[in-house]
Structures are given as structure tokens and as C-alpha cells.
Amino acid sequence: MAEFSQAELLHKVLNTAQREGDERVRAIVGRIVGDLFRAIDDLDIRPEEFWAAVGWANKAGAGNEFGLITAGLGLDRLLDIRQDEAERARGMGGGTERAIEGPLYVAGAPLSQGEARLDGDPEQGRVLFMEGRVTDVGGRPLAGAVVDVWHANTRGEYSHFDGGRQRPYNLRRRIVTDADGAYRYRTLIPSGYGVPEGSATGDLLGRLGRHGRRPAHIHYFVSAEGFRTLTTQLNIPGDTYLDDDYAFATRDGLVIGLEQHSDPAQIAARGLSEPFF
Ligand code: MBD
Ligand code: FE
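As a starting point, this report considers the structure included with it. Since we're looking at a predicted model, the values are computed, not measured. (Residues numbered from 1 in each chain as written. Chains lettered and ligands numbered in written order. Predicted model: local features only at pLDDT ≥ 70, side-chain atom pairs only at ≥ 80, totals over all residues. Heavy atoms only, no water.)

A separate point is the sheet that holds strand 7 (residues 217-223). Spatial strand order, 1-5-4-7-8: five strands in an open sheet with mixed pairing. Every interior strand has two partners, whereas the edge strands, strand 1 (111-113) and strand 8 (230-235), have only one. Strand-to-strand, the axes of this sheet are offset by a mean angle of 25 degrees, without reference to chain direction. Bridge analysis of strand 1 against strand 5 (residues 172-176) gives three bridges, and the strand direction is parallel. Residue pairing in the sheet places Ser 112 in a bridge with Ile 175 of strand 5. (Pairing = 2+ DSSP bridges. Helix = DSSP H or I, 4+ residues; strand = E, 2+ residues; numbered from the N terminus. Axes fitted to C-alpha atoms, helices over the stretch in contact; angles between N-to-C directions.)

This part is about the nonpolar core. Within the largest apolar cluster, 25 residues are counted, with the highest numbers of intra-cluster contacts made by Met 130, Val 134, Val 149, Tyr 183, Tyr 185, Ile 218 and Tyr 220. Those elements giving two or more residues to this core turn out to be strand 3 (127-133), strand 4 (146-151), strand 6 (182-188), strand 7 and strand 8. When residues of this core are assigned to their parent elements, the largest contribution, three residues, is made by strand 7. Sequence-distant contacts of Met 130, defined by excluding residues within four places in its chain, comprise Tyr 183, Arg 184, Tyr 185, Ile 218, Tyr 220, Leu 234 and Ile 256. Core analysis: the next-biggest nonpolar cluster, separate from the first, contains 14 residues, Ile 100, Leu 104, Phe 221 and Ala 247 among them. (Core = buried A, V, L, I, M, F, W, Y, C linked by side-chain atoms within 4.5 Å. Buried < 20%, exposed > 50% of the residue type's maximum accessible area, 1.4 Å probe, protein only. Contact = heavy atoms within 4.5 Å.)

Every residue lining ligand 1 is accounted for by Leu 68, Ile 100, Gly 102, Pro 103, Leu 104, Tyr 158, Tyr 193, Arg 214, His 217, His 219 and Tyr 246. The separation between an oxygen atom of ligand 1 and a polar side-chain atom of Arg 214 is 2.7 Å. Compared with its free state, where it exposes 260 Å², ligand 1 has 99% of that area covered by protein. Among the residues forming the shell around ligand 1, the class breakdown is seven nonpolar, three polar and one charged. (Near = heavy atom within 4 Å. Polar contact = N/O pair within 3.5 Å; in protein donor to acceptor, adjacent residues only side chain to side chain. Areas by Shrake-Rupley, 256 points an atom, 1.4 Å probe, with all protein chains shown as cover. Nonpolar A, V, L, I, M, F, W, Y, C, P; charged D, E, K, R; others polar.)

Take helix 5 (residues 75-89) next. Because each turn of an α-helix spans 3.6 residues, side chains separated by three or four positions end up pointing in the same direction. Over its 15 residues, helix 5 extends 21 Å from the first C-alpha to the last, a length consistent with the 21 Å expected when each residue adds 1.5 Å. Looking only at helix 5, the buried set comprises Asp 76, Asp 80, Asp 84 and Glu 87. The buried residues of helix 5 occupy an angular sector of 80 degrees when the element is viewed end-on, so they sit on one face. Of the exposed residues in helix 5, those oriented more than 90 degrees away from the buried face are Leu 79, Arg 82 and Ala 89. Residues of helix 5 that are buried in the fold lie against helix 4 (66-72). Looking at the residues trailing helix 5, positive phi occurs at Gly 91, about 65 degrees. (Expected span 1.5 Å × (residues − 1). Arc of directions from axis to C-beta.)

The next subject is the packing of helix 3 (residues 47-62) against helix 6 (residues 200-207). Interhelical geometry of helix 3 versus helix 6 gives an angle of 135 degrees and a closest axis separation of 8 Å. Regarding the angle of helix 3 to helix 6, the classification is oblique. Along its contact with helix 3, which presents Trp 56, Lys 59 and Ala 60, the element helix 6 presents Ala 200, Asp 203 and Leu 204. Residues that form the contact of helix 3 with helix 6 fall into these classes: four nonpolar, no polar and two charged. (Parallel < 35°, antiparallel > 145°, perpendicular 65-115°, else oblique.)

Binding of the iron ion (ligand 2) to the protein goes through Tyr 158 (OH), His 217 (NE2) and His 219 (NE2), at separations of 1.9 to 2.1 Å. In the primary structure, the donors to the iron ion (ligand 2) are separated according to the pattern Y-x58-H-x1-H. (Donors = N, O, S within 2.8 Å, 3.2 Å for Na, K, Ca; no water.)

Applying the stated criterion across every chain yields a total of seven aromatic pairs. Their ring planes at 85 degrees and their centres at 4.8 Å tell us that Phe 50 and Trp 51 sit as a pair that is edge-to-face. The structure contains a cluster of three or more aromatic residues connected by ring pairs, namely Tyr 105, Trp 150 and Phe 221. (Phe/Tyr/Trp six-rings, centres within 6.5 Å; stacked < 30°, edge-to-face > 60°.)

What holds strands together in a sheet is hydrogen bonding between their backbones, with the strands either parallel or antiparallel. Spatially, 2-6-3 is the arrangement adopted by the three strands of the open sheet, whose pairing is mixed. Looking at strand neighbours, the two that pair on one side only are strand 2 (115-117) and strand 3, the edges of this open sheet. Strand-to-strand twist in this sheet, taken as the mean axis angle between neighbours without regard to direction, amounts to 10 degrees. When strand 2 meets strand 6, the two strands line up parallel, connected through three bridges. Opposite Glu 115, over in strand 6, you have Arg 184 as the bridge partner.

Quick look at the pattern of salt bridges now. Oppositely charged side chains may form a pair once their charged atoms are brought near each other. One pass over the full model with this rule turns up 17 salt bridges. One salt bridge connects Glu 87 with Arg 98, and the closest N-O pair in it is separated by 2.8 Å. In this pair, Glu 87 is assigned in helix 5 and Arg 98 in the loop between helix 5 and strand 1, connecting sequence segments eleven residues apart. The same class applies to Glu 87 and to Arg 98, which are both buried. Put simply, Glu 115 and Arg 184 hold a salt bridge, and the shortest N to O gap is 3.0 Å. One end of the pair, Glu 115, is in strand 2; the other, Arg 184, is in strand 6, and 69 residues separate them in sequence. When salt bridges that share partners are traced, they join Asp 84, Glu 87, Glu 97, Arg 98, Arg 228 and Arg 251 into one network. (Salt bridge = Lys/Arg side-chain N within 4 Å of Asp/Glu carboxyl O.)

Right under this line is the structure:
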């Protein structure tokens, strides 16, 4: 029976002696597994704790929850912080701040020119008319840019992730900017998202004494030929969770201004009364 030390065990796990395999994967897996070896040692992790964690990870995987978990552990925000720093170091700053993508994007939303109506399911809610302009960092309008937006409904649920309760691509659209770089859309003000009750993510957050709530937000990818794509989110003002987001994704500069209108004629004059289905 072979006897070997922990260090030798790690070398065998990583197949360090061979030139085969992917060196980058070896470096990353080596760091993480080495740290796990140390954690098991230093914290004296018991077999029951270890197997409970394996069961938890299996549940998380079965529920496609890893994107929810990384957001809650701050990893997505860490990547944003690092990209901000890298851009600042290269003198690339300026423009709208980035915010994390999150795990609930679906590619291929309906595409329209200049404007769109996002809500297609019959739902009671506060109507939101959004107007914006895509420019380069120097303020020059970008015609033909694509604004890809997605958000939750008034119950905080996303289409494609709610067991089929909403129709496909509800509250998801791609809008091409006009000659002035402008776009506009009509939708319903979303509610904040909450990590599902009883999920592996919810269990973990509960064990940390945390909640899994996000403030109401609207996701954006903004892309244009010859420019890097901006991934960001806009926040609805006044939300309780603006400064207590489980995903650490909010930024002061991304809270939009809202003007309230109650005159139905004024609302009708803005158009976009027909759903684009
Ligand atoms: C979301 O809606 C979201 O935007 C993020 C970042 C994480 C979980 C759910
Ligand atoms: Fe979201």
C-alpha cells in the first residue's frame, strides 16, 4: 500500500509530474484543491460536514443554482471591481458604470427598431416608459447600437425561470438605437427578485444569517460595432434593498430618475399601447 504525504497526494491529484493536460487548469484546480486540503485540516472538517456539503452541492447543481450562489458570495461583483480597476489603470474610464450580468439572461429576445413594448402578459402594475440614448464615452450618439434589456415581472419572477408561467421572452427585448442613438420602451415596473425558498442558495444564505433579496432592477447589455459591450443594470429608486442587495450589484450612479404621470391622455400620447407579439 502506497504511503504519501498531503503534498504528494496533491501532486498526484494534479498529475504534476506529467507534461500532459492543461497548465492553466492545473494551476487553478491546484490552488483551489490545495486550499480545500488546508481548510479541512485547519478547521478539522468532520466527515458528516463534508458529506453534507457534497449533498448541498449536488442539490445546487440539480437546480442550476451556481450562478445564484456565485452572486451571493460576491464573486460576480469581484470580477466587476477587477475590470473597473483594469480599465482605470489603462485610462479607459468614463461612461455608464457596469453591473453584473446575473444568471437569468436569455439570448435571442425579439429585435425591433428604436422602440419596443416589453410586457406581453396581462398583469396589473405601474406602467414605465423608459427613454435613453447610447453614446460613446465622448458623448457622440451611436446609431444602430443594440440595447438588450431583461427584467422581472411585478412578482419578481423572470420569464424562462418561473416554470413557464410567463410567455417566452416576456420582459426581454433587443432594441436598435435610431439615428440619434435613442431608444425607448414601455414596460411594467418590476419587483425585486428573491432567491427561491428552500433552494440550496437560500439554505446557504440562511446559514450565514443573510437574505437572498435584490432591489428592483432592469438588466442591460449595450453593444455596438467597434465598441466593447457594456453589461449593466438600472435600479428603480426608493427600493428597500438598494443598499442591501444580496448580489452586491447596485451602484449609486445606476438609480434612474422617475417622473410620475397620472393623466391617462398623457400616457396614451406616448404610444406603444399595443404589445409587440
Ligand atoms: C437576479 O435577478 C440577478 O440580477 C442577479 C445578479 C442574481 C440573481 C438574480
Ligand atoms: Fe436580475
